[in-house]
Amino acid sequence: MTSSIDFTNLPDKAPEFDLAQLLEAGAHFGHQSSKWHPQMKQFIYMEKDGVHIFDLAKTAEQLRLAYNYAYQLGSQKKSLLMVGTKRQAKEFVQAAATDAGTYYITSRWLGGLLTNWEQVGKSIKRMVKIETGLQNNAYDKLTKYERVQLEKEVNRLRRFFDGIRGMKEIPDAIFVVDSVRENIALKEAQTMNVPVFALVDSNADPRDVDLAIPANDDAMGSIKYIVEAIAAGYKAGKAGK
C-alpha cells in the first residue's frame, strides 16, 4: 500500500517500549526462515535454528510510529477498526478495543464489509431492530418457532457485527493482527483508500500495509502487547493526554 500519511512526522506521544518486555512476550520469534518474505529482511536480526529472529529495536520503533498514529486518530475523533479473527487474538482485541472505544471484528471478516458498506449498514440496523423488539416484547404475538428464528438471526448478526454496531460509515483506519490471514480486509481497505497498520510476521509482505509492526503474530504474549499498545494510544488521544 502507498499512504499519504507521513508516520515519521506525527507528534511523538508514545511511551518508551521496553525491549525486555517485548522479548519476554515472545515478539522476537518470526516464522521458519524457509517461509519468510524477503521484504521483511529490513526487520530481521538473525536466523537461529531455522527460525528468523526480529530486531526488537526496529519492532519498538515501528510500534512507536503506530502508537503515535493511533493517538492522532483518537485526538481527532476519527474511527479505528481493530481486526483480529485468529483464535489467539480474539479475546485481546475485543477487550482492548472495548476499553479504548474503538470498533472491532473478532469473527470472520465478511467480504464486502467495506466495499459494500450500504448492505452491511442494513444488517446492523436489522440486528438492532430485532434486539429492540425482543426486549420490548414487540414479537409477543409471533409463534414460539418464529421467535426462535428471530433469536437465531440476531445471534448470527451479533457474531459478525456486534463490535461495529455503532459504526455509521467505513472507518478512518484499520489495525490488523496478521496481515496474511486478513488479506481480504487489506484488499478492501486498499480499494476504499482506508489506511491499514498491522502486526506482521516474517512471512508477510510489509508493502501490503501502510505501516508494519514486525513481531510474532502467533504468540499470545506478543499479540497482547502490540494490541494493547495500539488501543492505549487511541485511548490517550481521545482523552487528550
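Residues numbered from 1 in each chain as written. Predicted model: local features only at pLDDT ≥ 70, side-chain atom pairs only at ≥ 80, totals over all residues. Heavy atoms only, no water.

Asker: Help me out: how do you make sense of the sheet that holds strand E4 (residues 80–83) in this one?
Answerer: Sheet strands pair by backbone hydrogen bonding; their relative direction is either parallel or antiparallel. Overall, parallel pairing links the five strands, which are arranged E5-E4-E6-E7-E8 in an open sheet. On the outer flanks of this sheet lie strand E5 (103–105) and strand E8 (211–214), each paired with one strand and no other. Across the sheet, the mean angle from the axis of one strand to that of its neighbour is 15°, orientation sign disregarded. Pairing of strand E6 (residues 173–177) with strand E7 (residues 196–200), which is carried by four bridges, proceeds in the parallel orientation. Among the inter-strand pairings, Val-177 is bridged to a residue of E7, identified as Leu-199. Its contacts with the sheet place helix H3 (residues 87–100) against E4, E5 and E6, and it is angled at close to 170° to E5. (Pairing = 2+ DSSP bridges. Helix = DSSP H or I, 4+ residues; strand = E, 2+ residues; numbered from the N terminus. Axes fitted to C-alpha atoms, helices over the stretch in contact; angles between N-to-C directions. Contact = heavy atoms within 4.5 Å.)

Asker: What's the story with the packing of H3 against helix H7 (residues 220–239) in this structure? I'm lost.
Answerer: The angle between the axes and the distance between the axes are what describe a pair of packed helices. Between H3 and H7, whose axes approach to 9 Å, the crossing angle comes to 15°. Between H3 and H7, the interaxial angle falls into the category roughly parallel. The element H3 and its partner H7 pack so that their crossing is right-handed. Facing Gln-88, Ala-89, Phe-92, Val-93, Ala-96, Asp-99 and Ala-100 of H3, the residues of H7 in contact are Met-220, Ile-223, Lys-224, Val-227, Ala-231, Tyr-234, Lys-235 and Lys-238. Along the lines of polarity and charge, the residues of the contact of H3 with H7 split into ten nonpolar, one polar and four charged. (Parallel < 35°, antiparallel > 145°, perpendicular 65-115°, else oblique. Left-handed = near helix turned anticlockwise from the far one by under 90°. Nonpolar A, V, L, I, M, F, W, Y, C, P; charged D, E, K, R; others polar.)

Asker: Any chance you could explain the pairing of E4 here in plain terms?
Answerer: Regular strands place side chains that alternate from one sheet face to the opposite one. Here E4 shows a buried face lined by Leu-80 and Met-82 and a second buried face lined by Leu-81 and Val-83. Relative to E5, E4 runs parallel, the two being bridged by three bridges. Bridge pairing links Met-82 to Tyr-104 in E5. Following the backbone out of E4, through H3 and into the adjacent parallel E5, one traces a crossover that is right-handed. (Buried < 20%, exposed > 50% of the residue type's maximum accessible area, 1.4 Å probe, protein only. Right-handed = clockwise from strand over helix to strand, strands pointing away.)

Asker: Is there a simple way to think about the sheet that holds strand E1 (residues 29–32) in this case?
Answerer: Read across the open sheet, the three strands follow the order E1-E3-E2; overall the sheet is antiparallel. Here the strands that pair on one side only, and so sit at the sheet edges, are E1 and strand E2 (44–48). Here the average twist between neighbouring strands, direction ignored, is 30°. As judged from the four bridges shared by E2 and strand E3 (residues 51–54), these two strands associate in the antiparallel manner. Bridge pairing links Ile-44 to Phe-54 in E3.

Asker: Just checking my understanding: could you explain the packing of aromatic side chains for this structure?
Answerer: For any pair of aromatic rings, the description consists of the separation of the ring centres together with the inter-plane angle of the planes. If you walk through the whole model with that rule in mind, you get six aromatic pairs. Ring centres 6.3 Å apart and planes at 65° place the aromatic pair Phe-17 and Tyr-225 in the edge-to-face group. Of this pair, Phe-17 sits in the segment before helix H1 (19–24) while Tyr-225 sits in helix H7, and the two are 208 residues apart along the sequence. Through a chain of ring-to-ring contacts, three or more aromatic side chains come together here, namely Phe-7, Tyr-69, Phe-175 and Phe-197. (Phe/Tyr/Trp six-rings, centres within 6.5 Å; stacked < 30°, edge-to-face > 60°.)

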